[in-house]
Amino acid sequence: MIVNLCRIIVAVTFIFSGFVKAIDPIGTQYKLQDYLGAIGMAGILPNWTLLAVAVFLAAIEFCIGIFLLFAIQRRLISKLTVAFMAFMTMVTVWIVVADPVKDCGCFGDALHLTNTETLIKNIVLLVCSLAIMYRPLAMFRFVSKSNQWIVTNYTIVFILVSSGLSLYFLPIFDFRPYHIGVNIPRGMEIPKGAKLPQFKTTFIMEKNGQRKEFTLDNYPDASWKFIDSKTVQTSEGYIPPIHDFSITDNKTGLDITNSVLSHKGYTFLLIAPHLETADDSNFGDIDRLYEYAQSYDIPFYCLTASTTKAIKRWIDLTGAEYPFCITDEAVLKTIIRSNPGLLLLKDGTIINKWSHNNLPNEAKLSRPISQSSLGKMPKDSVPAKILEIVLWFILPLTLLTLADRLWAWSKWVRLKEQKDKQKLYHLFNKKKSKMRKKIVAGNWKMNLNLQEGVALAKEINEAMTAEKPNCDVVICTPFIHLASVAKELNASLVGLGAENCADKEKGAYTGEVSAEMVKSTGAQYVILGHSERRQYYGETAEILKEKVLLALKNGLKVIFCCGETLEERESNRQNAVVKAELEGSVFNLSAEEWKNIILAYEPIWAIGTGKTATSDQAEEMLCYIRSIVAEKYGKEVAEETSILYGGSCKASNAPELFSKPNIDGGLIGGASLKAADFKGIIDAWKK
């Protein structure tokens, strides 16, 4: 509960923080410039690099939040979260100590925290992140592992597209003081009786090589030379949302702020913080807007922080005829995230904003502004924008989560039904049935030449003669060994089997060995359906069906193999896979034919890998296999069917495996190539 509570706190914070920065990448870029300036590295990186970093950082933060929320890559993401928060906490400690910026910008313009508040917030998040990293697997998943790629890719695409749209047009949400609908003069007002912030200015003066500090109260005479001044705030007070907006005519040097804001009617303000770097690709649209404004006597000003030289260059480049005014650079950057951008005022209220990529088209300039949609406040309200985000991002992920959980629930129900069947079967089968044969069968595969094979068979036969086994023993050899090995075996102690047979009775099938040929060597058994035959030689259920029928026709007992891959087990499809293999090749047999079938469950992921299914895993699968045999042929037949386990079975784990009620022996691979190892497994029946 603690881990998941911490996970929700960190995830929601990261999502909110990442999103508000992602939809205002230029604002994040400005904040990065502030940081570089604070450490004396202003201008070291080009603007496009800082912008790319801003987009990347916001996307990383947002994605980490979503991945935490959905518990995607739990170990990796928990470590990344701790690393991210450790770094940000160290940065915040520096900010608190050095005070290079007043607001760290962690929530963009949506929420302003003091540096101390930011440090406390980061410490809390770091502690929560450490709790998550300590036990990452305690985070429960909203979406199953197999469907998490959808959340991952959709999240990345969504946040990058959101940043791209905000860059091309304007931020989806505007948290700054100059958002649409704000009346600038009212935003500058100070309520009556409000306490004002107090400041103290100190002047550094020099006279006869001596420097001293003075205040306004003891300011010296003209014989002192001014060197520098510094102003510090001595007490808090009310600061209006808009407190530094001013417009100075570039030609006359007069402050025209009041006349612009008090104008009754519409006013166009072209905002260009830096004309030196302003995008000039749409200057024709700007000129058309200026002509439109002139036609209807609408004031039109260009506000910039650029020098006279830069203004002249812009005029030469674009042929601009509109008047230019000077405004503080920081104010212009705050007003609109576009260089240039367009602002429309009506009676001092911001009616609309446009990026230079989305200026009003000719259709909107074809009629008077009061009769056009141009002069009306846009209808895309904040609730409508939130609804848009919900429809495009939250709703699809919610539907995916619901669908995934519904599927997981239905899968759980199916699994529970299967387990209930197994439990029911266990009630009748708590002890190993005495009717079933206990069998240990060796599968030599493509190992040992003829002389080595004969020698091994002789050694096994001698061991069984010296100490009679408590189970049936079978060795299944390559075809060339069969006839020679048969002469060395006491058939009452050690049975002989082949590793395969053809799916044809006889004919022009070069290289194939028929079931009749196998029988003629003295063999009594044949292994069919082994995963290696399925994987390497493309044996299908239909081919195996023919092989089984021919083997039975020729009096051979069939050891039929079934099992699942690692991928199939991890996706919980092992039961369905095994059932399909049996249904496709052996469930067509009659009850009489079934008496000569021995089943062998071999999890493919445990064959020759050294990996072994746990005794409980093996028992669970063999119990399930016996239950579906019971469904097909009845409980009595299922009780008589011997089912073996194969998959890295050794003398060390055989006793535990063979102690399970439904495991009737083993189909042994590598461990059957040495008589001592093979006998060790056989002797497990004596323990």
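Residues numbered from 1 in each chain as written. Predicted model: local features only at pLDDT ≥ 70, side-chain atom pairs only at ≥ 80, totals over all residues. Heavy atoms only, no water.

### Thoughts on the sheet that holds strand S9 (residues 349–355)
Strand pairing within a sheet occurs via backbone hydrogen bonds; the two strands may be parallel or antiparallel. The following threshold applies: By the convention used here, strands pair only if DSSP detects at least 2 bridges between them. We count a stretch as a helix when DSSP gives it H or I for four or more residues in a row; a strand needs E for two or more, and each element gets its number in order from the N terminus.
Taken together, the six strands give an open sheet; going across it, the order is S4-S7-S6-S5-S8-S9, and neighbouring strands pair in mixed fashion. Every other strand in the sheet has two partners, leaving strand S4 (248–249) and S9 as the edge strands with one partner each. The pairing of S4 with strand S7 (residues 324–326) spans two bridges and is antiparallel. Across the sheet, residue Asp249 finds its bridge partner in S7, namely Cys325.

### Overview of the sheet that holds strand S2 (residues 210–214)
The condition that has to hold: Angles run from 0 to 180 degrees between N-to-C directions of axes, and those axes are lines fitted to C-alpha atoms, restricted for helices to the stretch in contact.
The strand order S2-S1-S3 describes an open sheet built from three strands, whose pairing is antiparallel. Looking at the sheet topology across the chains shown, the edges are occupied by S2 and strand S3 (225–235). This sheet shows a mean twist of 20 degrees between the axes of neighbouring strands, independent of strand direction. Relative to S2, strand S1 (residues 198–207) runs antiparallel, the two being bridged by five bridges. Across the sheet, residue Lys207 finds its bridge partner in S2, namely Gln210.

### Quick look at a nonpolar patch on the surface
Note the cut-off: Note that patches include only residues with greater than 30% relative accessible area and no salt bridge, and the join distances are 9 Å for like charges and 5 Å for nonpolar side chains (Val, Leu, Ile, Met, Phe, Trp, Tyr). Note on areas: these come from Shrake-Rupley sampling with a 1.4 Å probe, and a residue is covered only by the protein chains present in the view. Whenever a carboxyl oxygen of Asp or Glu lies within 4 Å of a side-chain nitrogen of Lys or Arg, that contact is scored as a salt bridge. Here the term buried applies to any residue with accessible area under 20% of the maximum for its type, exposed to any over 50%, and partly exposed to those in between, with areas from a 1.4 Å probe on protein chains only.
A surface patch of nonpolar side chains, about 630 Å² in accessible area, is lined by Leu387, Leu391, Trp392, Leu395, Leu399 and Leu402. Along the chain, Leu402 turns up in helix H12 (residues 382–427). The exposed category is assigned to Leu402, whose relative accessible area is 55%.

### Quick word on the packing of aromatic side chains
The cut-off we apply is this: Ring pairs shown here join Phe, Tyr and Trp side chains whose ring centres sit within 6.5 Å, with only the six-membered ring taken for Trp; geometry is labelled stacked below 30 degrees between planes, edge-to-face above 60, and tilted in between. Counting as a charge over the ring demands two things of the Lys NZ or Arg CZ atom: a distance within 6 Å of the ring centre and an angle within 35 degrees of the ring normal.
With the rule as written, the count across this model stands at 28 aromatic pairs. Between the aromatic rings of Phe587 and Tyr633, the centroid separation amounts to 6.0 Å while the plane-to-plane angle is 85 degrees, which identifies the pairing as edge-to-face. Pair noted here: Phe587 is in the loop between helix H19 (574–585) and helix H20 (591–594) and Tyr633 is in helix H21 (residues 615–633), with a separation of 46 residues, a long-range link. A relative accessible area of 8% places Phe587 in the buried class. Look at Tyr633 and you get buried, because its relative accessible area is 14%. Members of the aromatic cluster, connected to one another through ring pairs, are Phe19, Phe62, Tyr154, Phe158, Phe173, Phe175 and Phe393. Against the face of Phe140 rests Arg7, its NZ or CZ located 4.9 Å from the ring centre. The lysine or arginine in question, Lys333, covers the ring of Tyr30, its NZ or CZ lying 4.5 Å from the ring centre.

### Here's the deal with the side chain of Lys333
Going by this rule: Two N or O atoms count as a polar contact when they lie within 3.5 Å, although within protein this holds only if one can serve as hydrogen donor and the other as acceptor, and sequence-adjacent residues are included solely when both atoms are side-chain atoms. Note on contacts: a residue pair is in contact if any heavy atoms of the two residues lie within 4.5 Å.
Among the structural elements, Lys333 can be located in helix H11 (residues 329–335). Look at Lys333 and you get buried, because its relative accessible area is 15%. In terms of polar contacts, Lys333 uses its side chain to reach the side chain of Glu329, at 2.8 Å. Contact partners of Lys333, with chain neighbours within four places excluded, come to Tyr30, Gln33, Pro273 and His274.

### Focus on unusual backbone geometry
Negative phi characterises most residues that are not glycine, and trans characterises most peptide bonds. Cis geometry is found at the peptide bond from Asn339 to Pro340, where omega equals 5 degrees. Tracing the chain through its elements places Pro340 in the loop between H11 and strand S8 (341–346). Although it is not a glycine, Asp99 adopts a positive phi angle of roughly 55 degrees. The residue Asp99 is located in the loop between helix H4 (74–98) and helix H5 (115–134) in this model. Unusually for a residue other than glycine, Asn208 sits at a positive phi of about 55 degrees. Position of Asn208 among the secondary structure elements: in the loop between S1 and S2.

### Description of the nonpolar core
For clarity, the cut-off: Among buried residues, the Ala, Val, Leu, Ile, Met, Phe, Trp, Tyr and Cys ones that are joined through side-chain atoms within 4.5 Å form a nonpolar core.
Judged by nonpolar contacts, the single largest core of 71 residues is most densely connected at Ile475, Leu582, Trp594 and Phe658. Element by element, the count of residues in this core is highest for H21, at nine residues. For Leu582, the residues in contact, after removing those within four places along its chain, are Phe560, Cys562, Phe587, Leu599, Ile625 and Ile628.

### Focus on the UniProt feature "binding site: substrate" (unreviewed entry) in the chain
For clarity, the threshold we go by: UniProt positions are given in the numbering used here, feature names are shortened, and annotations may be inferred rather than shown by experiment.
With numbering matched to this structure, UniProt assigns "binding site: substrate" (unreviewed entry) to Asn443, Trp444, Lys445, Gly608, Ser648, Gly669 and Gly670. Considering the arrangement of structural elements, one finds Gly670 in the loop between strand S17 (665–668) and helix H24 (675–682).

### So, helix H3 (residues 47–69)
We count it as follows: One less than the residue count of a helix, multiplied by 1.5 Å, gives the span that helix is expected to have.
The end-to-end C-alpha distance of H3 is 33 Å, a good match for the 33 Å that 23 residues give at a rise of 1.5 Å each. Looking one or two places after H3, you find Ala71, whose phi comes out positive at around 55 degrees.

### Let's talk about the UniProt feature "active site" (unreviewed entry) in the chain
Those residues carrying the UniProt feature "active site" (unreviewed entry) are His530 and Glu602 in this numbering. Over a stretch of 73 residues, the named residues converge on one spot in the fold, their C-alpha atoms separated by at most 8.3 Å. With relative accessibility at 4%, the residue His530 sits in the buried group. If we skip the residues at most four places from it in the chain, His530 touches Asn443, Lys445, Cys561, Glu602 and Ile607. Along the chain, Glu602 turns up in the loop between strand S15 (597–601) and H21. Those residues in contact with Glu602 that lie beyond four places of it in its chain are His530, Cys561, Cys562, Gly563, Glu564, Ile607, Gly646 and Leu667.

### Here we look at the environment of Ala613
Mapped onto the secondary structure, Ala613 falls in the loop between S15 and H21. Residue classification places Ala613 among the buried positions, given a relative accessible area of 3%. Separated by 168 residues in sequence, Ala613 and Lys445 have C-alpha atoms that sit 21 Å apart. Beyond its immediate sequence surroundings of up to four residues, Ala613 is in contact with Pro603, Trp605, Ala606, Ala618, Tyr645 and Leu657.

### Overview of the domain arrangement of the chain
For the record, the criterion: Residue ranges labeled as domains rest on an automatic or database domain assignment.
What the domain assignment reports for the chain is domain 1 (1–168), domain 2 (194–235), domain 3 (248–380) and domain 4 (439–684). Put simply, the middle of domain 1 and the middle of domain 2, counted by C-alpha atoms, are 42 Å apart.

### A word on helix H13 (residues 450–466)
So the rule is basically this: The directions from the helix axis to the C-beta atoms form the arc being described.
In a regular helix each residue adds 1.5 Å, so 17 residues correspond to 24 Å; H13 covers 24 Å between its end C-alpha atoms and thus fits that length. For H13, the full list of buried residues reads Gly453, Val454, Leu456, Ala457, Ile460, Asn461 and Met464. Angularly, the buried residues of H13 cover 165 degrees about the axis, an arc narrow enough to put them on a single face. For H13, the exposed residues lying more than 90 degrees away from the buried face are Gln451 and Ala466. Where the residues of H13 are buried, they touch strand S11 (472–477), helix H14 (482–488), strand S12 (494–498) and H24.

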